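One-letter residues, chain by chain:
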Amino acid sequence: MELELGLALPGSDLIAELGLSSEKSTGMCRKRGFDNMFYRATSPPLFVQKDGDDGDGDDDDGHFNHLQELNLGSRVLVGWPPVRVSRRKSEEGGKRRVNCVKVNMEGVAIGRKVDLSLHDSYQALFLTLSHMFPKKQHDAEESDAAYHKVTYEDEDGDWMLVGDVPWEAFIQSVKRLKILN
Amino acid sequence: MVRGFGGAAAFPDEVWELVFSFLAADADRNAVALVCRGWHRIERRSRRRVFVGNCYAVAPAAAVRRFPEVRAAAIKGKPHFADFNLVPTDWGGGAEAWVEAMAGGWPHLEELRLKRMVVSDDCLELIARSFKNFGVLSLVSCDGFSTAGLAAIAANCRNLRELDLHENEVEDNCLNWISHFPESFTSLVSLNIACLEGDMNTSVLECLISRCPNLKTLRLNHAMPLEKLVSLLQRAPQLVDLGTSKFSADHHPELLSKVESTFAGFKHLKSLSGIWEAGPAYLPAIYSVCESLTSLNLYYATIQSPELLKLVSECKNLQRLWVMDLIEDNGLIAVASSCKLLQELRVFPSDPYGVAPPISLTEHGLVAISAGCLMLHSVLYFCRQMTNAALLTIANNRPNLTCFRLCIIDPHTPDYISQEPLDAGFSAIVESCKDLRRLSLSGLLTDRVFKSIGASANRLEMLSVAFAGDSDVGLHYILSGCKNLRKLEIRDCPFGDKALLDNTSKLETMRSLWMSSCSVTLGACRQLAQKMPRLNVEVIDERRGRPLESWPDDFPIEKLYIYRTVAGPRSDTPPCVWTV
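Quick caveat, the model's predicted, so the values are computed rather than measured.

Rules used in this analysis
Residues numbered from 1 in each chain as written. Chains lettered and ligands numbered in written order. Predicted model: local features only at pLDDT ≥ 70, side-chain atom pairs only at ≥ 80, totals over all residues. Heavy atoms only, no water. Helix = DSSP H or I, 4+ residues; strand = E, 2+ residues; numbered from the N terminus. Rg over C-alpha atoms; globule rule 2.2 N^0.38 Å. Buried < 20%, exposed > 50% of the residue type's maximum accessible area, 1.4 Å probe, protein only. Contact = heavy atoms within 4.5 Å. Areas by Shrake-Rupley, 256 points an atom, 1.4 Å probe, with all protein chains shown as cover. Lys, Arg positive; Asp, Glu negative; His and termini not counted. Charge placed at Lys NZ, Arg CZ, Asp CG, Glu CD. pLDDT = per-residue confidence, 0-100. Pairing = 2+ DSSP bridges. Salt bridge = Lys/Arg side-chain N within 4 Å of Asp/Glu carboxyl O. Patch = residues over 30% accessible without salt bridge, like charges linked within 9 Å, V, L, I, M, F, W, Y side chains within 5 Å. UniProt positions renumbered as here; feature names shortened; annotations may be inferred. Right-handed = clockwise from strand over helix to strand, strands pointing away. Core = buried A, V, L, I, M, F, W, Y, C linked by side-chain atoms within 4.5 Å. Axes fitted to C-alpha atoms, helices over the stretch in contact; angles between N-to-C directions. Parallel < 35°, antiparallel > 145°, perpendicular 65-115°, else oblique. Nonpolar A, V, L, I, M, F, W, Y, C, P; charged D, E, K, R; others polar. Phe/Tyr/Trp six-rings, centres within 6.5 Å; stacked < 30°, edge-to-face > 60°. Lys NZ or Arg CZ within 6 Å of the ring centre and 35° of its normal.

*Asks:* Summarise the overall build of chain B; cite the residues concerned and give the values.
*Replies:* From N to C terminus, chain B includes 22 helices and 23 strands. The C-alpha radius of gyration of chain B comes to 26 Å, within 12% of the 25 Å expected for a compact globule of 580 residues. Considering only C-alpha atoms, chain B reaches an extent of 70 × 65 × 60 Å along its principal axes. Looking at chain B as a whole, 57% of its 580 residues qualify as buried. Taking the intrachain contacts of chain B between residues at least 6 apart in sequence as the baseline, contacts between residues at least 24 apart amount to 70%. Summing over all exposed atoms, chain B offers an accessible surface of approximately 23200 Å²; the carbon and sulfur share of this is 53%. In chain B, 60 side chains carry a positive charge and 65 a negative one; their mean positions are 8 Å apart.

Spelled out as structure tokens, the structure:
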């Protein structure tokens, strides 16, 4: 296995491919890219535009810096579903405790670290992971919508599948993550 | 016009005051005040309760001047969508102006209830010092204050009966604020501190509870360990409404029997909430109170289905149930057969962002409830799938629904069997439920559903719409129908200028309209504001820095909040808000 030691993040070629840097991205590009990244085989997650865009002005008409949004752990769709979220817990610069866990992918020598306190949902976490460890091109053909399976080691030392428990319970017990190939 | 038929002059004022005192509804008192100058004068001087649904609809000084003898006031600030972070944090809703006016004009004020307002510690201190007979403070969904402000309330309000803090964002900088209640203080009847995050000094709390024999409601925060909770509760067996703290601990037979005996000692308990992180070990200790419960809130109890099912099946007299979707369809079917007196059901999503394996809570659970619970009138239901057939069944089963809020989590979700929009289902709801006062829509919806709502929802007062409709016609149907509509909140719908401009006078009959991520332009807002001087048309835009005046008419509005007011444009708008 070759180690590619570049200064850019492993996912940066993916970002360039999707045209998601500081330029305004076209809806089509985004849709295709995100559809490939998601764990669920069912309908795409909330912020992917469905066909028949209803022109509701929700398309980021300004500058869309994807990585920046990922790092803040914020969803593109604000306030949906309509559940109350404590603002104090979601405000950046608030008294958030950093919660870094190591992430390794099977067969990849270099691991990464992800700060869970910057994420507020599994959706956000998977997005970050998919950028840190993007799916290879040939994989994209066989399983259209699924990302790799992700497991985590909990406080008891057991390895569990990520996504089984409510998010708040997960972030309290997770010790490290492993992405299966 | 003939003067009198007895009229105001025939009886002394006191007689009319007594007659008016039997009118509980504000609407009735308002009507009385319009009859003649005499009645207006008598009514205003004898009104004791005031409700201000929008703090900017009237100037505080005007309200205080008109009703000089008010003893109880309730005021609301931010729009409802502030609960979901759609309203900028600095938008407004500050309580200072009101508290200052009340401190000056209503020295005999006894009760103050604020909702979605920004309340500073200074405000709390002013409240604590200004009203000698202050008895009830209720803060719901407020922010801006800390436990230092609460300490001022505790220290100064000698006759405080009720301190109700519900879902507020409170800074914790005074850990021992509870100890500021003096030793001589014994009047507490209701204490709700569930939203506070910090640890409480248990012995101080125990002391307080022991010396307040009239305490009926106690809702604690999650911080107190179970052993300490138990010793606290043993001091208050007379409780009617209990919100526990953390309900889990390492398994200990001695502790378990203490919990059991404590709960067995509650002879009057009707309402139970809290039960944070309930573990299967201690949950059965609650069973002894289940039969007497009329209200059960399991929002914080991440209990899984088998235990959950057993618990709710014991609650034969339940009228209100708030629960997570972990209850699943099976659990709701059990509720439908056990809880025949159920009036209000709320089912919340345990995993709103939906990446975990799906919970088995579908439309079937709600249909079962609608069939089995004949007294059901209020529903809030989060789920991932729905059919028109299910909604039709629910509508036919429960024409007595007054509140129906359905949230299908993924926007634009159609009937999953027919793939049709859910127009037919929601239309059935509004056509069958003639007394429907509150409705929230979700799923795939076209303009057709709005036609039905506009035509049939005659008692509807509040409507929430998201990701629905095809065109302006949808909004037009609503604004030209819905005779009693008071609050309309819309997000991410293709509604725009025409519907607004064709229905300008409707907006003055409503309390407020919120529209975000729709298709309204600045030009329409300008026209609307020009035409309707008694509306405040607030344009909210957090993106740009340039002033409103320089933007062109076709500029798309990000967020729009329109409300009727007799106070004119407000003077406390932040940089991101412009009153057009």
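The structure having been displayed, the exposition proceeds.
*Asks:* Explain the confidence of the model for chain A to me, using residue names and the numbers behind them.
*Replies:* Residue and element names in this part refer to chain A. Residues of chain A with pLDDT of at least 70 account for 45%, and the chain-wide mean is 60. Note that residues 8-75 has pLDDT below 50 and, in this model, 132 contacts with residues that lie over four places away or in other chains. In the model, residues 140-144 has pLDDT below 50 throughout and makes four contacts with residues more than four positions away in sequence or in other chains.

*Asks:* Explain the pairing of strand 14 (residues 344-348) of chain B to me, using residue names and the numbers behind them.
*Replies:* All names here are of chain B. With five of five residues buried, strand 14 is to be regarded as a mostly interior element. Here strand 14 shows a buried face lined by Glu344, Arg346 and Phe348 and a second buried face lined by Leu345 and Val347. Bridging between strand 13 (residues 320-324) and strand 14 involves five bridges; their strand directions are parallel. When the sheet's bridge partners are listed, Trp322 is paired in strand 14 with Arg346. Two strands pair when backbone bridges link them, and strand 14 and strand 15 (residues 378-383) are joined in this way by four bridges, in the parallel orientation. Its bridge partner lying in strand 15, Arg346 is registered against Leu380.

*Asks:* Any chance you could break down the pattern of salt bridges for me, citing the residues and the numbers?
*Replies:* Residue and element names in this part refer to chain B. For the structure shown, the criterion picks out 28 salt bridges over all chains. Where Glu542 meets Lys559, a salt bridge forms, and the shortest distance between an N and an O atom there is 3.6 Å. You can see Glu542 sitting in the loop between strand 21 (535-540) and strand 22 (559-564) and its partner Lys559 sitting in strand 22, a full 17 residues away along the chain. Since its relative accessible area comes to 11%, Lys559 is described here as buried.

*Asks:* Please set out a negative patch on the surface residue by residue, giving values where relevant.
*Replies:* Residue and element names in this part refer to chain B. On the surface, Glu96, Glu100, Asp122 and Glu125 cluster together into a patch of negative charge. Those elements giving two or more residues to the negative patch turn out to be helix 6 (96-105) and helix 7 (121-130). Checked against the element boundaries, Asp122 lands in helix 7.

*Asks:* Just give me the short version of the UniProt feature "domain: F-box" (unreviewed entry) in chain B, but keep the residues and values in it.
*Replies:* The residues that UniProt annotates with the feature "domain: F-box" (unreviewed entry) are residues 11-52 of chain B. Secondary structure over residues 11-52 of chain B splits into 62% helix and 10% strand, and the C-alpha atoms at its two ends are 31 Å apart.

*Asks:* Account for the pairing of strand 15 of chain B, with residues named and values stated.
*Replies:* Residue and element names in this part refer to chain B. Taken across its six residues, strand 15 has six buried, putting it largely inside the fold. Relative to strand 16 (residues 403-408), strand 15 is paired through six bridges, and the arrangement is parallel. Residue Cys383 lies in a different strand from strand 16, and its bridge partner there is Ile408. Tracing the backbone out of strand 15, into helix 16 (residues 388-397) and back to the parallel element strand 16 gives a crossover that is right-handed.

*Asks:* I'd like to hear about the nonpolar core, residue by residue, with values.
*Replies:* Met102, Trp177, Phe404 and Ile453 of chain B are the most contacted members of the largest nonpolar core, which totals 200 residues. Those residues in contact with Ile453 of chain B that sit more than four places away from it in its chain are Val430, Leu439, Leu441, Leu460, Leu463, Ile478 and Cys482 of chain B. Counting residues in each nonpolar core, the second largest holds 20 residues, with Met132, Val150, Tyr152 and Leu177 of chain A among its members.

*Asks:* Provide a residue-level description of the packing of helix 7 of chain B against helix 8 (residues 147-156) of chain B, including the pertinent values.
*Replies:* Residues and elements named next belong to chain B. Close contact between helix 7 and helix 8 brings their axes to 8 Å; oriented N to C, the two are set at 5 degrees. Classified by the angle between their axes, helix 7 and helix 8 sit roughly parallel to one another. Between helix 7, through Asp121, Leu124, Glu125, Ile127 and Ala128, and helix 8, the contact on the second element is made entirely by Ala148, Gly149, Leu150, Ala152, Ile153 and Asn156. Class assignment of the residues belonging to the contact of helix 7 with helix 8 gives a composition of seven nonpolar, two polar and two charged.

*Asks:* Can you tell me about the packing of aromatic side chains, naming the residues and giving the values?
*Replies:* Residue and element names in this part refer to chain B. Counted by the stated rule, this structure contains 29 aromatic pairs over all chains. Seen from their ring centres, Trp16 and Trp39 are 4.9 Å apart, and the 55 degrees between their planes marks the pair as tilted. Of this pair, Trp16 sits in helix 2 (residues 13-20) while Trp39 sits in helix 4 (residues 37-46); the two residues are 23 residues apart in sequence, bridging distant segments of the chain. The class for Trp39 is buried, based on a relative accessible area of 18%. Among the aromatic side chains, those forming a connected cluster through ring pairs are Tyr56, Phe81, Phe84, Trp91, Trp514, Tyr561 and Tyr563. The ring of Tyr56 is capped by Arg570, whose NZ or CZ atom sits 4.5 Å from the centre of that ring. Of note, Arg570 hangs over the ring of Trp91, and the distance from its end group to the ring centre comes to 4.4 Å.

*Asks:* Now, about the confidence of the model for chain B: what can you tell me, with residues and values included?
*Replies:* As a general rule, the predicted coordinates of low-pLDDT regions are not to be interpreted in detail. Chain-level pLDDT for chain B is 94 on average; 97% of the residues reach the 70-or-more range. The ipTM assigned to the predicted complex is 0.87, against a pTM of 0.79.

*Asks:* Break down unusual backbone geometry for me, citing the residues and quoting the values.
*Replies:* The residue after Trp80 of chain A, namely Pro81 of chain A, is reached through a cis peptide bond having omega -5 degrees. Mapped onto the fold, Pro81 of chain A is located in the loop between helix 3 (66-71) and helix 4 (87-90). In this structure, Ser141 of chain B takes a positive phi of about 55 degrees despite not being glycine. Positionally, Ser141 of chain B belongs in the loop between strand 4 (136-140) and strand 5 (143-146). The buried category is assigned to Ser141 of chain B, whose relative accessible area is 10%. Unlike most non-glycine residues, His412 of chain B shows phi in positive territory, near 65 degrees. Here His412 of chain B lies in the loop between strand 16 and helix 17 (423-432). Since its relative accessible area comes to 25%, His412 of chain B is described here as partly exposed.

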